[in-house]
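Summary of the model geometry
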Amino acid sequence: MTKHIFRSAIVIASIVGFQACGLNEQLGSTITRKDADSVIKVPALLKGAYDNMQLPYQEFDNSWGLSQMTTDETVGPTRGGDWDDNGVWRSLHEHTWNADHAHIQRAFTNLLTLQFSASNVLNFKPDKNQAAQARYLRAFSMFTVLDLWGQVPFRNPTDTLLNAPKVLKAQEALDYIISELNAIIPDLGARPATAAYVANQDAARALLMKCYLNKGAFLNRAAPTFDAADMQQVITLADQIKATGAYKLATDYFDNFARDNDLKSTENIFTQQNGPGYSTVRNGNATFARWKFTVHYNMTPSGWNGFTTLSDFYDKFEATDRRRGGAYTGLTDTSGMLVGFLIGQQYDVNHNPLKDRKGNPLAFTRDVQLKESGTNLEVTGIRVIKYVPDFYTSQNSKDNNEASNDYVFFRYADVLLMKAEAQLRTGNTAGALALVNELRLARGATALGALDVNSLLDERGRELYWEGWRRQDLIRFGKYLQPWQLKPADNPRNLLFPIPTSDLAVNKNLVQNPGY
């Protein structure tokens, strides 16, 4: 019997370093296809693909950092000797990065590792549902690469690893992703019978909505267009998600991000499961870093005293808007910490005022600079608590990465806002306004009397802040190159990130993006 030499996923995982667009091809061993099929099990491979979502999405210096730190929502100030990191955070906010930026390289590599591990599942005879899940994860990673870099290195499962991956340009990549998502929907599970942390039909529909909504921006970032047929696809997909009856807007906005959001949230469509035995066996930080990177050392739970929002963004919220934050049962009554935006004096659980490490009042200020110095550098900037700190697990575990908050990719509120945008861009302003006001009233904000693209962008910011969509939204609405707080107007080249220098060297099919 002829034996076909086959490179197993085990060998690849242990020997092969996935260098962004290509693999280090120095494989140390081979096994036969028959032997591989007897050893390698599809559920384990599929779990590995899901696990590979943590590093590119939950780790804050990967795609989240590129998608948030480059916007009007987020800034990472250097505080004396803290958070300098050779200026990588400042360069992201100021849009002064280059092709050797460490976080750009890291995100590119990790997203393509996810793509590879998802494709690899397809080599081992998965059933229809398993194959659909793997194809969804692959499409998800490809979408993010397309969003950030405008071109997508890609391998078919049967492609030889000895050749560099081909590179799909924007139109080709978008067409492929849309085709894949439409093809796999019948083989994915339905919500709510399928858990939100498993690729499901509504997750595919939500990602399809993103594809159609952003198509004109991905093809022409400097001057996005919005085809009526694409906008109708967005509306139809939103109606299909609503028709399942699986979702409604949460009574408490922050339940969507709580330690038990898998039970509490009535909005979450697609998530990544976290907690003991899940996030701790993967690479990178999970949701606990979402509060650690912003809160002060002397707060409970303690943090790393880093990232903040900007006062101009904070001022977009009405005082009654519950998304702005306040007390949250299970956290505030246990530690004294609030959720949402933290500004002014902070208190412990007994309402005693907290102090910084120098004994000064721990009172967060509106003002913040990219490079802080002086006596108040520990308290500058409004802090953001989007994920409710998992106080129980953090106090009863040796590893803070065991926090149980599932990481949120898609929510029903975003579906409503995408539908409203599609309606607005096709002339149905009344329908769009009704959807936006449905959301605002559910959040405790007052109804808008009118709606235009600027007020809709503001509403997306208020609803989805710090969830990783802001850069994409600013580009689609034509605002990304405009000046904002701590950032001047900048170069059109920054509508795309540069292909990392090291990746250009190993894949001749990649072409550096214009201006770099």
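Residues numbered from 1 in each chain as written. Predicted model: local features only at pLDDT ≥ 70, side-chain atom pairs only at ≥ 80, totals over all residues. Heavy atoms only, no water.

For the rest of this paragraph, the subject is the pattern of salt bridges. By the definition in use, this model includes 37 salt bridges. Across the pair Asp 51 and Arg 282 runs a salt bridge, and its minimum N-O distance is 3.1 Å. Of this pair, Asp 51 sits in helix α3 (residues 42-51) while Arg 282 sits in the loop between β8 (268-272) and α13 (289-292), and the two are 231 residues apart along the sequence. This pair shows no difference in class: Asp 51 is buried, exactly as Arg 282 is. Among the ionic pairs, Lys 210 bridges to Asp 414, the shortest N-O distance being 2.8 Å. (Salt bridge = Lys/Arg side-chain N within 4 Å of Asp/Glu carboxyl O. Helix = DSSP H or I, 4+ residues; strand = E, 2+ residues; numbered from the N terminus. Buried < 20%, exposed > 50% of the residue type's maximum accessible area, 1.4 Å probe, protein only.)

The next point concerns empty space enclosed by the protein. As enumerated under the stated definition, the model contains 1 cavity of 30 Å³ or more in all. Computed from the structure, the largest cavity encloses a volume of approximately 190 Å³. Along the wall of the largest cavity there are 15 residues; nearest its centre are Tyr 57, Ser 63, Glu 467, Gly 468 and Trp 469. Examining the composition of the lining of the largest cavity, we find that 4 residues originate from one element, helix α8 (residues 128-149), more than from any other. Of the residues belonging to the lining of the largest cavity, the class tally is 8 nonpolar, 5 polar and 2 charged. (1 Å grid on protein atoms, 1.4 Å probe; cavity = no way out; pocket = protein on both sides within 12 Å on 5 of 7 lines; lining within 4 Å. Points joined across faces, edges and corners; volume = space filled by probe spheres on them. Nonpolar A, V, L, I, M, F, W, Y, C, P; charged D, E, K, R; others polar.)

Another point: the packing of aromatic side chains. The full count for this structure, using the stated rule, is 42 aromatic pairs. Pairing Trp 64 with Trp 466 gives two aromatic rings, centres 5.7 Å apart and planes at 70 degrees, and the pair type is edge-to-face. Of the two residues, Trp 64 is situated in helix α5 (residues 63-68) and Trp 466 in the loop between α19 (453-464) and α20 (470-476); the sequence distance between them amounts to 402 residues. For the residue pair Trp 64 and Trp 466, the accessibility class agrees, reading buried in each case. A ring pair is formed by Trp 97 and Phe 497, whose centres lie 4.7 Å apart and whose planes are at 45 degrees; its orientation type is tilted. With Trp 97 in the loop between α6 (88-94) and α7 (102-121) and Phe 497 in the loop between α20 and α21 (501-506), this residue pair connects regions lying 400 residues apart in the sequence. In this pair, the class of Trp 97 matches that of Phe 497, namely buried. Over the ring of Phe 226 we find Arg 425; its NZ or CZ atom is 3.7 Å from the centre of that ring. (Phe/Tyr/Trp six-rings, centres within 6.5 Å; stacked < 30°, edge-to-face > 60°. Lys NZ or Arg CZ within 6 Å of the ring centre and 35° of its normal.)

Before going further, it helps to examine the nonpolar core. Formed by 136 residues in total, the largest nonpolar core has its most connected members in Tyr 136, Trp 149, Leu 181 and Phe 410. No other element matches the 12 residues that α8 contributes to this core. Beyond its immediate sequence surroundings of up to four residues, Tyr 136 is in contact with Leu 181, Ile 184, Ala 199, Ala 203, Ala 204, Leu 207, Phe 270 and Phe 410. (Core = buried A, V, L, I, M, F, W, Y, C linked by side-chain atoms within 4.5 Å. Contact = heavy atoms within 4.5 Å.)

What follows is about the side chain of Thr 287. Positionally, Thr 287 belongs in the loop between β8 and α13. Within polar-contact distance, the side chain of Thr 287 engages the backbone oxygen of Asn 405 at 3.0 Å. Setting aside anything within four residues of it in sequence, one finds Thr 287 in contact with Gln 58, Asn 274, Tyr 387, Ala 403, Asn 405, Asp 406 and Tyr 407. (Polar contact = N/O pair within 3.5 Å; in protein donor to acceptor, adjacent residues only side chain to side chain.)

Along the chain, Ser 335 falls in helix α15 (residues 332-335). Taking relative accessible area as the criterion, Ser 335 reaches 7% and is therefore assigned buried. When neighbours within four sequence positions are excluded, Ser 335 is seen to be in contact with Thr 300, Tyr 347, Asp 348, Val 349 and Phe 391. A distance of 3.1 Å separates a polar side-chain atom of Ser 335 from the backbone oxygen of Thr 300.

Here we take up α19. The end-to-end C-alpha distance of α19, which contains 12 residues, comes to 16 Å, matching closely the 16 Å that a straight helix rising 1.5 Å per residue would cover. The buried count for α19 comes to 9 of 12 residues, which makes it a mostly enclosed element. Within the sequence span of α19, burial applies to Ser 455, Leu 456, Leu 457, Glu 459, Arg 460, Gly 461, Arg 462, Glu 463 and Leu 464. Of the surrounding elements, those touching the buried residues of α19 are α10 (201-219), α14 (311-314), β15 (407-411), α17 (412-425), α18 (429-442) and α20. The N-cap of α19, judged by a side-chain oxygen 3.1 Å from the amide nitrogen of Asn 454 a few residues on, is Asp 452. Phi turns positive one or two residues past the end of α19, at Trp 466, with a value near 65 degrees. (Expected span 1.5 Å × (residues − 1).)

Put simply, α10 and helix α11 (residues 228-243) touch, their axes get as near as 8 Å, and they point 160 degrees apart. Overall, the two elements α10 and α11 adopt an arrangement that is roughly antiparallel. Crossing of α10 against α11: the hand is left-handed. Residues Asp 202, Arg 205, Ala 206, Leu 208, Met 209, Tyr 212, Leu 213 and Lys 215 of α10 pack against Asp 230, Met 231, Gln 233, Val 234, Leu 237, Ala 238, Gln 240 and Ile 241 of α11. Taken together, the residues of the contact of α10 with α11 sort by class into 10 nonpolar, 2 polar and 4 charged. (Axes fitted to C-alpha atoms, helices over the stretch in contact; angles between N-to-C directions. Parallel < 35°, antiparallel > 145°, perpendicular 65-115°, else oblique. Left-handed = near helix turned anticlockwise from the far one by under 90°.)

Any link to function would need more than the numbers given here.
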